[in-house]
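Here is what each chain is made of, one letter per residue.
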Amino acid sequence: MRGRLSAALCAVALAVTGAPPAAADPARPRPGTVKQVGQHVKNPVTVKLTRMSPQSITAGTKTVRFTVTITNSSATAIPKVRLHLSYGGQITTRSELDAFARSNADPAGVTDAEAPVIGPFDLEPGDTVRNLVWSRPGAIAGNAPTLNTYPLVIKALDVNGQPLDTQHTFVTYVPKNAKKLVKTKVSFVWPLIDRPHRTTDSIFFDDQLSDAVTDGRLNTLLTAAESNPNTGTTLAIDPGLLDDLQTMSSANYFLDPPKDTEKGKSVPKNPQTQAWLTKLRALVKERRTAFFLTPYGDPDSVALVGQNMAGTGSKKNGSTLGLLSAAYRDKSRGQAVLQVPETYPRVAWPASGTIDQATIDKLTTNYKKGLGSDLFLLSSSFWPAGQNGTPTATTSIQSTDRKSHPALAFDDTIQNVISGATKKPEDIFAAEQRYLAETAVMTAEQPGRQRTLVVSPDRRWNPGLEFAQFLLKNTALRSAWLKPVSLGQAATSTKVERLPQQRPQSAELTADHLRSVRAMDADAVAFSKIFIPQPDESLRHAGMRASSTYWRGTARRRSQASTFLSVTRTDVGKEINKVRVLVDADTKKSVTGSSATVLLTLVNDLKQPVKVHVQISSTKSNVLLVNGKKNMFIYDDELEAGAKVPLQVPMEQTNTTPEKETEVKIQIITSGIEPARLVREQFFKVGTNDIPPAGWLITIGALVIMGLGVGFRGMRARKRRSAEAETEEAEHDRAAAG
């Protein structure tokens, strides 16, 4: 039922000031953002509300001052324009609130202000700023003892009383007995997550992080958190982002934009990134702001589980972690940068806050093995809406073994409200008033029952600083119905059981994309095994970045993901190619009759030592033998960083009718590791027909490097590694199930 309407007497006064037009702001609401105010029809007049002071009222509030900007986009003045203020009855449900915000119509039971309508005044072209003063606004509630929210309507009327434009907003009334209100607990998840900026650990494909931490979105988010520490805020941080910034701040780094026609270049280390990291460390270490880390690169965990790329979090019989398991393991790189352990190490925050049963089972079953989580941060849209208002955020989900696991439902409607455009004054005002109204109506829905609210903006939201600081600020009036609590306190509050809904799959990374990621990751895994004294899996970060939640969503984003993956596979190939076999292009090999010794060179262009097993053989032993009847030349040893080792490979003809050319295969394989893994495969051709008595010529022009997708055999080898990875994942799963 609606609250009782009160015939409030409103004395409205206007003070006119001039103001220049607002500068254009590139920020736009993301698709699907909840509409803050009524849609404007195309006409020469628009009304924008940019400020309301105070933002909530009590019975004792004497005046509320609105700042209203009226824009006349025509070339001539519009005569006798008037401003009109009205209000409706109490809003009792959040669905009612949403309907009013989306509508351009007057609310039911609308009441006009009893004071004279303001104006008329001639509206000149351009912007006109008016200060609208509402006297004795507290009378709207008639001294009600409850927390109430009311719709407000401000219109610009023409000479005939017809609306030129309309703006909707809200006002929240706090009763005199506010101390007796049962407050809603509120906890904020504050994301410090960005898009991928590197392909491999050694190559940046853009330099956008420099701007982001200086005067961009990452600086805004950190500044807001610094301004209001320990107010129920938990930072959600991608360790991959911290790793990027640490690399940029420690030494010169290599920048190679994919669309740049020039070659990549070395960029001086960036002091701004170090300053940002220093502020973040101080926030989590000295001021003890809570945080949790996503898996490295913030990969799409649901999609990786669905494509059998998760693993079990443990290694058995020399096996390798799945890509998601490796991303969980490399959360440690974020902790190393921050120099403090996670506050909440077991939180899982899947993309869009939705999850499937397979991912729940995978993450909970293997939590103690290092993969996964046991506290799930999910969207309220994952569950059906409550029958009697908004349910508390504290709930649980079940794994297939019927075990219950704690979960928190962040409010999807509020996420949409706060994640839209909040940089222009009118957008800031609309989002602030809507947030206050949403939280007040939620509290008033069940006034005698305490509930928990989790507020979580989009992962990569880009708010204005003023709005970001507003959200975390615990003002005196707002604290009448909201009580900031930590994420841990929210998770242990009284819970309500919910039945999950079906998870939408349209935004997930595609199976084709992830199959390509799997093949690239198989190359990276094999390459990691040659490092000594310990394997180095940092090249696997490329697959984690290519699996980032950033690439989900629209067709345009999927196209960008495809481009990124293509560039990344090339860069991974360049890294693997640093350990290779070269053939001297200018040397003729001396022979005696039908035999020769071919000089090859094994090269390690890495900055780390490796150990490799090299096998060289002829692909046609009936035509050509390498190293005698075994047809196999083997080299197995360690290579120091930068080493070049000559390989003298004996070869001989076996066919009395030799072919013009015979192909020789070179395989670089892991050494001393079971099972052995093929790291790189390359081929070159040897002329075996019409050999002059003086010797053979190694035809380097026919040298075919088969690494990383160039040529059929390289693709076949990579498919073999990918298949091995799939088999290994399946064996892991069977072991976990057993």
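Preceding block: the structure.
A short tour of the structure in this document, coming up. Owing to the predicted nature of the structure, the values given are computational and were not obtained by experimental measurement.

Secondary structure assignment for the chain yields 17 helices and 31 strands. Each of the 738 residues in the chain was classed as buried or not, and the buried ones make up 55%. When contacts within the chain are restricted to residue pairs at least 6 apart in sequence, those whose partners lie at least 24 apart make up 78%. Carbon and sulfur atoms make up 51% of the accessible area of the chain, which totals about 31300 Å².

This part covers the packing of aromatic side chains. In the structure shown here, the tally under the stated rule is 11 aromatic pairs. Across the ring face of F121, the terminal group of R130 is positioned such that the distance to the ring centre comes to 3.6 Å. Sitting above the plane of the F470 ring, R478 keeps its charged end 4.2 Å from the centroid.

Right, let's talk about the pattern of salt bridges for a bit. If you walk through the whole model with that rule in mind, you get 28 salt bridges. Close ionic contact of R217 with D194 constitutes a salt bridge, the shortest N to O distance being 2.6 Å. One end of the pair, R217, is in helix α3 (residues 217–227); the other, D194, is in the loop between β11 (184–192) and α2 (208–214), and 23 residues separate them in sequence. A salt bridge links D605 to R580; the shortest N-O distance between them is 2.9 Å. Of the two residues, D605 sits in the loop between β24 (595–604) and β25 (610–618) while R580 sits in strand β22 (residues 579–583), which places them 25 residues apart along the sequence. If you follow the salt bridges from partner to partner, you end up with R94, D98, R102, D411, R434 and E438 in one network.

In this model, helix α5 (residues 271–286) (16 residues) spans 22 Å end to end at C-alpha, consistent with the 22 Å of a helix rising 1.5 Å per residue. Residues of α5 that are buried: T273, W276, L277, L280, R281, L283 and V284. When α5 is viewed along its axis, its buried side chains cluster within an angular range of 160° and face the same direction. Residues of α5 that are exposed and point more than 90 degrees away from the buried face comprise P271 and E286. Capping of α5 at its N-terminal end is provided by N270; its side-chain oxygen lies 2.8 Å from the backbone amide nitrogen of Q272. At the exit of α5 stands R288, carrying a positive phi of roughly 55°.

Burial runs high along strand β30 (residues 678–687): 9 of the 10 residues are buried. The pairing of strand β29 (residues 661–670) with β30 spans 9 bridges and is classified as antiparallel. By the bridge assignment for β30, V664 is matched with F684.

Cut-off values and rules
- Residues numbered from 1 in each chain as written.
- Predicted model: local features only at pLDDT ≥ 70, side-chain atom pairs only at ≥ 80, totals over all residues.
- Heavy atoms only, no water.
- Helix = DSSP H or I, 4+ residues; strand = E, 2+ residues; numbered from the N terminus.
- Buried < 20%, exposed > 50% of the residue type's maximum accessible area, 1.4 Å probe, protein only.
- Contact = heavy atoms within 4.5 Å.
- Areas by Shrake-Rupley, 256 points an atom, 1.4 Å probe, with all protein chains shown as cover.
- Phe/Tyr/Trp six-rings, centres within 6.5 Å; stacked < 30°, edge-to-face > 60°.
- Lys NZ or Arg CZ within 6 Å of the ring centre and 35° of its normal.
- Salt bridge = Lys/Arg side-chain N within 4 Å of Asp/Glu carboxyl O.
- Expected span 1.5 Å × (residues − 1).
- Arc of directions from axis to C-beta.
- Polar contact = N/O pair within 3.5 Å; in protein donor to acceptor, adjacent residues only side chain to side chain.
- Pairing = 2+ DSSP bridges.

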